[in-house]
Amino acid sequence: MNSSSRVHNFSAGPCTLPVPVLEAVQNEMLNFENSGMSIIESSHRAPEYDSVHMSALSDFRSLAGVPDDFAILFLQGGASLQFTQIPLNLLSVDEKAGYLNTGTWGGKALSDAKLMCSAYEAWSGADSNFSRMPDASEIEVKEGSRFLHITTNETIGGIQLPKYPKIDFPMVADMSSDFLSRSIDWECFDLVYGGAQKNLGPSGLTIVVVREEIFERSSQVAGGYLDYQIHAKADSMANTPPMFPIYVMGKVLKWMIEAGGLPEFEKRAHERASVLYDTIDNSGGWYQCPVDANSRSLMNIVFRLPNEDLEKKFITEASDFDLVNLKGHRSVGGVRASVYNALPLESAQSLADFMTSFQQQNG
Ligand SMILES: *Cc1c(COP(=O)(O)O)cnc(C)c1O
């Protein structure tokens, strides 16, 4: 198999990765930098791995513009563990925090937080069938709240905050599915987090970027692995880190820096998404995007066809053209094209061409 036999992969995560990164991993698999072994057979305390690890930390910092008073942590347990770990580290028992209930992920973050602390809904998208993000003016943060939790991109619903809301409370953001696809206003946040497997690398790694000031605050931390400070002090080497995903992400970060950094990836995100939204908008209503125009995600493009039989046929025939992983999430149905950082523009164009000809043949 060579790179020309690869499919157009619209998977929502884990997802497509840059070909040069995969090739470099392949080349180094038997003998990493003349060590006579692969990096995943090395000790995490060996100098070879140490340099991979420290470069990934510093490249993440420079690419994302992370200020010096934030710690970058490489953890495990997915974004899902953060739904519990965040309240545990940031809140004392008598403190409360607001959550935006913007869809599947915002809702899960809220329900997990409720088990740990007094978390409340600061806005709910239920009335609008989770088809839009709120304006800052609609968000109701209660006096005395410690933070507002937001989900910048709802991966299943296909909605994204066009801008980070400007509010007077520190925010905590789940950026799993739009991480490093645009710049981050660090002054708005006390903590941002995301799994690597949507924009940055393989699964098994969660990145948490946290303002160090929070370590001084009271918290109800159980200790050990769940305590952010333990990882911050040890540069995320307090225990065995997820070496393989860190190693691969390190290569993705270098690839992104070389390509021009976040401004370039923000531009590419707009280009990829426009190709698909334009096709939907120019279909005379045959393809329908069930999402408010202002909240359309640049990462997960969801759409419906006139009926479910046509949707099935669409997904089957698309795969004949190597356009794969287009089925919408089982909870919502329809079609979903995930177009993350590493997806080439040509893949989005190929899908748009297929959409146009499928409509001509079936419309
Ligand atoms: C995928 C995803 C999650 C869950 O991530 P895991 O790493 O599987 O725990 C959480 N939030 C968002 C926005 C996601 O896209």
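This text follows the structure it describes.
Residues numbered from 1 in each chain as written. Predicted model: local features only at pLDDT ≥ 70, side-chain atom pairs only at ≥ 80, totals over all residues. Heavy atoms only, no water.

Visitor: Give a detailed account of the packing of aromatic side chains, specifying residues and quantitative values.
Guide: As enumerated under the stated definition, the model contains 18 aromatic pairs in all. Ring plane angle 80 degrees and centroid distance 6.5 Å describe the contact between Phe83 and Tyr193, whose orientation is recorded as edge-to-face. One end of the pair, Phe83, is in helix H3 (residues 78-90); the other, Tyr193, is in strand E9 (residues 189-195), and 110 residues separate them in sequence. With a centroid separation of 5.3 Å and an interplanar angle of 55 degrees, the aromatic rings of Trp255 and Phe265 are classed as tilted. Of this pair, Trp255 sits in helix H6 (residues 243-259) while Phe265 sits in helix H7 (residues 261-281), placing them ten residues apart in sequence. Of the residues examined, Trp255 reaches a relative accessible area of 21% and is grouped as partly exposed. Pairwise contacts between aromatic rings join Trp286, Tyr287, Phe303, Phe314, Phe321, Phe354 and Phe358 into one cluster. Directly above the ring of Tyr120 sits Lys142, whose terminal nitrogen or CZ lies 4.4 Å from the centroid. The cationic tip of Arg268 hangs over the ring face of Phe265; the distance from NZ or CZ to the ring centre is 4.8 Å. (Phe/Tyr/Trp six-rings, centres within 6.5 Å; stacked < 30°, edge-to-face > 60°. Helix = DSSP H or I, 4+ residues; strand = E, 2+ residues; numbered from the N terminus. Buried < 20%, exposed > 50% of the residue type's maximum accessible area, 1.4 Å probe, protein only. Lys NZ or Arg CZ within 6 Å of the ring centre and 35° of its normal.)

Visitor: Requested: an account of the side chain of Asp190, with residues and values cited.
Guide: In this fold, Asp190 is placed in strand E9. In this structure, Asp190 is in contact with Phe70, Arg146, Pro170, Met171, Val209, Val210, Arg211 and Ile214, ignoring residues within four places of it in sequence. (Contact = heavy atoms within 4.5 Å.)

None of this, on its own, says anything about what the molecule does.
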